[in-house]
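Coordinate inspection notes
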Amino acid sequence: GGTRRMSAVPLPLPTTLARPGGVDATYAERAAPGSRGQLVDRFGRVHRDLRISLTDRCSLRCTYCMPEQGVEWLAKSSILTTDEIVRVAGVLASLGIVEVRLTGGEPLLRRDIVDVVRRVAAIEGVAGPLEVSMTTNGLKLPELAEPLREAGLARVNVSIDTLRRDRFAELTRRDRLDDVLSGIRAARRAGFAPLKLNAVPMRGVNDDEIVDLVQFAVDNGAQMRFIEQMPLDAGHTWSRSEMVDAGEILDKLTRRFTLTPIGERGSSPSQDYLVDGGPTTVGLIASVSAPFCGACDRVRLTADGQIRNCLFAREESDLLPLLRGAEGSSPADDDAIADLLRRSIAGKRAGHGIDDPGFLQPQRPMSAIGG
Ligand code: SAM
Ligand code: SF4
């Protein structure tokens, strides 16, 4: 008994919730049995997408993400167990989360990754089992693509920033381009479709390969997506003026291909285009130059049990004391976990504010947040 002290940052719950855009007044009544309602923030954004970072470790050291040396690893004892991950994902599923993306660090470095996928994909959400996808550097896909597919992984995104071996070695500080290429082939063989490839264009580094990367995707039955570089590098060297933005990428691409915009962006951060009439598409993710915060439906769980309501959040809500019991008390029940999740979403800001004069880069590098 007794009241549990929550270690979360004290976030005021909104007194009145804005009516969620596109969600009618009866959404709560229509929610499936076992549901705890939805995760709606002050701006009416309904949260449906969960990113789980499975580890902060990585087999590469991409310059825009990790330092070359002296990485401050998360304490091993704080890394969530698979049981804990499954439990939190289950509570989030009862709160309306329907999609889960596994990321990191490098998610394939987690030894029980196939088991994680199988168990998360078996969780019943309000609209059926959770849809599980993954973002990976692809190095371990040659061994793992098939077992992952069999375990229920629905989609996979592989990051590849350059097709040149020497550049790859420089950019990721590891000479492993061939393994990524094998990984991409393995993902295709295993039947992952559409297979998406992610690249972060950087001035003077790989911005002369934007057309080549799309051609590579076309040749390999994949979809290329370009992500604007965000201020998340360990070295804090990001500069807005140096960033290759979506407009510039589009400009380079239209000199070579005919691009036809498809659909509305919706809650998807990607603006997609048909390449030369299709079926291949290319996507531009303009996180900085055209932020999609207004339609954001994401919540993040870090490998060490912190809930982040934004990539750029300055506060986190700590689930560990609830999951493990703090100061001699016993672990909390699912209601208390749901409560913390609701509070975290209630405190979500309108936007990431990268363009605000007072913007501060988050303390964690991307590898410890989960991209
Ligand atoms: N290791 C996996 C990988 O590289 O795909 C998953 C984690 S990684 C952090 C997820 C995605 O975030 C990758 O596509 C990576 O290119 C992207 N990313 C990392 N740092 C970034 C930054 N500063 N700006 C934009 N995207 C970034
Ligand atoms: Fe590792 Fe992915 Fe970060 Fe590269 S972007 S260092 S592969 S976590």
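1. Structural notes on the overall build of the protein
Helices and strands together make up the secondary structure of the protein, namely eleven helices and 14 strands. Here the C-alpha radius of gyration of the protein, 20 Å, is about what a compact globule of 371 residues would show, namely 21 Å. Across its three principal directions, the C-alpha atoms of the protein cover 65 × 40 × 40 Å. At a minimum sequence separation of 6, the contacts of the protein that also span at least 24 residues come to 72%. Summed over its atoms, the accessible surface of the protein is roughly 16400 Å², and 49% of this surface lies on carbon and sulfur atoms. Seen as two clouds, the 48 positive and the 50 negative side-chain charges of the protein have centres 2 Å apart.

2. Focus on the confidence of the model for the protein
Of the residues in the protein, 90% have a pLDDT of 70 or more, and the chain-wide mean is 89. Contacts from residues 1–31, a stretch scored under 50 in pLDDT, to residues over four places away or in other chains number 45 contacts.

3. A word on the pattern of salt bridges
Enumeration according to the criterion identifies 23 salt bridges in this entry. With a shortest N-O distance of 3.2 Å, Glu 150 and Arg 118 are connected by a salt bridge. Pair noted here: Glu 150 is in helix H4 (residues 141–151) and Arg 118 is in helix H3 (residues 113–121), with a separation of 32 residues, a long-range link. Using a relative accessible area of 57% as the deciding quantity, one classes Glu 150 as exposed. Judged by its relative accessible area of 36%, Arg 118 falls in the partly exposed class. Between Arg 308 and Glu 316 there is a salt bridge, with its nearest N and O atoms 2.5 Å apart. For Glu 316, a relative accessible area of 21% gives the class partly exposed. Through salt bridges with shared partners, a single ionic network connects Arg 164, Arg 167, Asp 208 and Glu 209.

4. Overview of the side chain of Asp 233
Among the structural elements, Asp 233 can be located in the loop between strand E8 (222–227) and helix H8 (246–254). Of the side chains with opposite charge, Arg 173 lies nearest to the buried Asp 233, which makes no salt bridge, at 8.3 Å. Only 3.0 Å separates the side chain of Asp 233 from the backbone nitrogen of His 236, close enough to count as a polar contact. Once you skip the residues sitting within four places of it in the chain, Asp 233 turns out to touch Thr 63, Tyr 64, Cys 65, Trp 238 and Gln 361.

5. A closer look at the environment of Gly 183
With respect to the element layout, Gly 183 can be found in helix H6 (residues 177–189). The class for Gly 183 is buried, based on a relative accessible area of 0%. Sequence spacing of Gly 183 and Pro 142 is 41 residues, and the spatial spacing of their C-alpha atoms is 4.9 Å. When sequence neighbours within four positions are dropped, the list of residues in contact with Gly 183 reads Gly 138, Leu 141 and Pro 142.

6. Points about the environment of Leu 109
Mapped onto the elements, Leu 109 comes out in the loop between strand E2 (99–103) and H3. The exposure class of Leu 109 is partly exposed, given its relative accessible area of 32%. What Leu 109 contacts, discounting residues up to four positions off in sequence, is Arg 57, Cys 58, Ser 59 and Lys 140.

7. Thoughts on the site of ligand 2
Lining the immediate surroundings of ligand 2 are Cys 58, Leu 60, Cys 62, Tyr 64, Cys 65, Met 66, Gly 105 and Asn 137. For the shell around ligand 2, the residue count by class is six nonpolar, two polar and no charged.

8. Description of the nonpolar core
The nonpolar side chains of a soluble globular protein tend to be buried with one another. Core analysis: the largest hydrophobic core is formed by 105 residues, its most contacted members being Leu 148, Leu 197, Phe 226 and Leu 253. Top contributing element to this core by residue count: helix H2 (residues 82–94), with seven residues.

9. Some points on the environment of Cys 58
In this structure, Cys 58 sits in the loop between strand E1 (49–53) and H2. Among the residues examined, Cys 58 registers a relative accessible area of 19% and is labelled buried. C-alpha of Cys 58 to C-alpha of Val 218: the two residues are 160 residues apart in sequence and 28 Å apart in space. Setting aside residues no more than four positions away along its own chain, Cys 58 makes contact with Met 66, Trp 73, Glu 106, Leu 109 and Asn 137.

10. Overview of a positive patch on the surface
Together, Arg 57, Lys 76, Arg 111 and Lys 140 make up a region of like positive charge exposed at the surface. On the secondary structure map, Lys 140 appears in the loop between strand E5 (131–136) and H4. Note on Lys 140: relative accessible area 33%, which makes it partly exposed.

Reading guide: rules and limits
Residues numbered from 1 in each chain as written. Chains lettered and ligands numbered in written order. Predicted model: local features only at pLDDT ≥ 70, side-chain atom pairs only at ≥ 80, totals over all residues. Heavy atoms only, no water. Helix = DSSP H or I, 4+ residues; strand = E, 2+ residues; numbered from the N terminus. Rg over C-alpha atoms; globule rule 2.2 N^0.38 Å. Contact = heavy atoms within 4.5 Å. Areas by Shrake-Rupley, 256 points an atom, 1.4 Å probe, with all protein chains shown as cover. Lys, Arg positive; Asp, Glu negative; His and termini not counted. Charge placed at Lys NZ, Arg CZ, Asp CG, Glu CD. pLDDT = per-residue confidence, 0-100. Salt bridge = Lys/Arg side-chain N within 4 Å of Asp/Glu carboxyl O. Buried < 20%, exposed > 50% of the residue type's maximum accessible area, 1.4 Å probe, protein only. Polar contact = N/O pair within 3.5 Å; in protein donor to acceptor, adjacent residues only side chain to side chain. Near = heavy atom within 4 Å. Nonpolar A, V, L, I, M, F, W, Y, C, P; charged D, E, K, R; others polar. Core = buried A, V, L, I, M, F, W, Y, C linked by side-chain atoms within 4.5 Å. Patch = residues over 30% accessible without salt bridge, like charges linked within 9 Å, V, L, I, M, F, W, Y side chains within 5 Å.

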